[in-house]
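# Secondary and tertiary structure notes
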Amino acid sequence: MAERPRVFVSRTLPAPQAVERLREATALDVWSSPRPPTVDELRERVAGCEGVLTMLTEAVDARLLDACPKLRAVANMAVGYDNIDVTAASERGVLVTNTPGVLTETTADMAFALLLAAARRLAEGEAAVRGGAWGPWDPAWLLGHDVSGATLGIVGPGRIGGAVARRARGFGMRVLYRGHQPVDGFPGERVSLAELLGRSDFVSVHVPLTPETTHMFNAATFAQMQPHAVFVNTARGGIVDQVALREALVAGRIAAAALDVTDPEPLPPDDPLLSAPHLLVAPHLGSATRATRRRMAELATDNLLAALAGERPEHLVNPEAWERRRR
Ligand code: DGY
């Protein structure tokens with residue numbers, strides 16, 4: 001009987017059936033601590049493996065890949081894969097996969113929850129109730145922004161951006177989007193980034209983190225937004241220059257921001273960003289429902305097992321590595 005491939009999974013998966021499938025098909029090693037492995041721990045555990053199932057917390061870089069010469073596949077349990085040096089993986093013929101599609105609606109729900117919460121100042125209201133600051137009903141207290149009839153600008157009209165746009169239409173919003181190409185059937189008007197920033201009452205970000213999108217939201221872009229605008233980010237923290245965001249909130253250049261992602265994560269409780277007014281921060285919960293996390297784990301498992309069986313995984317992000325392996 002052929003020896004089973006060695007696989008490391010970097011966190012306990014909320015998907016018993018996926019773990020069972022991995023256990024049957026591979027020699028499985030699962031990281032059981034609730035904290036992620038350190039760089040050294042990851043290197044040590046992946047060193048002799050042919051496959052690894054990672055979270056977005058694991059940096060898979062050239063150093064790690066060089067220390068793991070048997071590695072054939074990295075299955076990331078996330079749609080984003082900015083934690084992986086894909087070029088380095090491709091150069092070494094290592095297949096990299098992600099989990100698109102299964103978290104679209106769940107993440108769009110989170111973006112919309114943040115949009116509504118920021119618009120209606122829910123976090124401030126809740127803090128006031130718990131902090132004893134809830135006085136008699138006041139016609140001018142904690143006034144927010146109407147969502148219905150407002151304009152939403154979507155930066156990144158991909159799957160999640162589209163799902164947010166559909167929700168917005170249900171709320172009677174006008175939708176603008178900024179994308180490199182027109183998107184067939186997208187429920188909104190394609191405009192330049194400058195026009196989107198200038199016209200939107202709400203701006204929601206849905207681009208991947210790449211060198212081009214790093215600090216795409218900075219002092220200059222916040223300055224182009226309307227002073228009553230609300231900024232929502234459920235993509236990646238690195239897309240935003242957080243010093244500039246803090247300044248924009250303090251100076252009232254924008255009205256509010258709601259973030260599900262920050263740089264770094266976790267954001268230290270004494271990070272200056274947290275002292276900004278009208279800021280709501282969630283701890284990267286975009287895909288955090290039981291069903292979605294189970295689907296993500298299942299999909300990452302499908303991808304990994306296909307790659308280890310010599311098949312082309314469905315959600316391969318580096319086809320060049322596949323070509324390289326076939327040469
Ligand atoms: C992803 O899949 O990239 C998300 O950020 C996880 O919630």
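Conventions adopted
Residues numbered from 1 in each chain as written. Predicted model: local features only at pLDDT ≥ 70, side-chain atom pairs only at ≥ 80, totals over all residues. Heavy atoms only, no water. 1 Å grid on protein atoms, 1.4 Å probe; cavity = no way out; pocket = protein on both sides within 12 Å on 5 of 7 lines; lining within 4 Å. Points joined across faces, edges and corners; volume = space filled by probe spheres on them. Helix = DSSP H or I, 4+ residues; strand = E, 2+ residues; numbered from the N terminus. Nonpolar A, V, L, I, M, F, W, Y, C, P; charged D, E, K, R; others polar. Phe/Tyr/Trp six-rings, centres within 6.5 Å; stacked < 30°, edge-to-face > 60°. Buried < 20%, exposed > 50% of the residue type's maximum accessible area, 1.4 Å probe, protein only. Pairing = 2+ DSSP bridges. Contact = heavy atoms within 4.5 Å. Axes fitted to C-alpha atoms, helices over the stretch in contact; angles between N-to-C directions. Core = buried A, V, L, I, M, F, W, Y, C linked by side-chain atoms within 4.5 Å.

## Focus: the layout of surface pockets
- The calculated volume of the second largest pocket comes to roughly 170 Å³.
- For the lining of the second largest pocket, the elements supplying multiple residues, two or more each, are α5 (104–119), α6 (122–130), β11 (256–259) and β12 (279–281).
- In terms of residues, the lining of the second largest pocket owes the most to one element, α6, which gives three residues.
- Per-class residue counts for the lining of the second largest pocket are 10 nonpolar, two polar and two charged.

## Topic: empty space enclosed by the protein
- Overall, the coordinates contain one cavity of 30 Å³ or more when judged by the stated rule.
- Of the voids in this model, the largest cavity is the one considered here, and its volume is about 30 Å³.
- Around the largest cavity, the lining residues are Val39, Leu42, Ala59, Asp61 and Leu64.
- Of the residues assigned to the lining of the largest cavity, the class counts are four nonpolar, no polar and one charged.

## Some points on the packing of aromatic side chains
- Considering all chains together, one arrives at five aromatic pairs under this definition.
- Taken together, a centroid distance of 4.8 Å and an interplanar angle of 40 degrees make the contact between Phe112 and Phe171 tilted. Of this pair, Phe112 sits in helix α5 while Phe171 sits in the loop between α7 (159–170) and β7 (174–178), and the two are 59 residues apart along the sequence.
- Relative to Phe222, the ring of Phe217 lies with its centre 6.0 Å away and its plane at 45 degrees, an arrangement referred to as tilted.
- On the accessibility criterion, Phe217 (0% relative accessible area) is buried.
- In this structure Phe222 comes out as buried when scored by relative accessible area, which is 0%.

## Details of the sheet that holds strand β10 (residues 230–233)
- Ordered in space as β8-β7-β6-β9-β10-β11-β12, the seven strands form an open sheet in which the pairing is parallel. The sheet is open, and its two edges are formed by β8 (189–190) and β12, each paired on a single side.
- In this structure, β10 lies alongside β11, joined through four bridges in parallel fashion. Note on β11: the bridge partner recorded for Val230 is Ala256.
- Set on the sheet, α7 makes contact with β6 (151–155), β7 and β9 (202–205); between it and β6 the angle comes to about 175 degrees.

## Points about the sheet that holds strand β1 (residues 6–9)
- With respect to topology, five strands assemble into an open sheet ordered β2-β1-β3-β4-β5, the strand pairing being parallel. Only two strands of the sheet have a single partner each, and these edge strands are β2 (27–30) and β5 (95–97). For this sheet, the mean inter-axis angle between neighbouring strands, taken without regard to orientation, is 15 degrees.
- Most of the contacts of helix α2 (residues 39–46) go to β1, to which it runs at about 155 degrees, and overall it touches β1, β2 and β3 (51–54).

## So, the nonpolar core
- Core analysis: the biggest nonpolar cluster contains 54 residues, and Leu13, Leu53 and Phe202 have the highest contact counts within it.
- Residue contributions to this core peak at nine residues, all from α5.
- Membership of the second largest hydrophobic core comes to 29 residues, among which are Val191, Ala229, Phe231 and Ala235.

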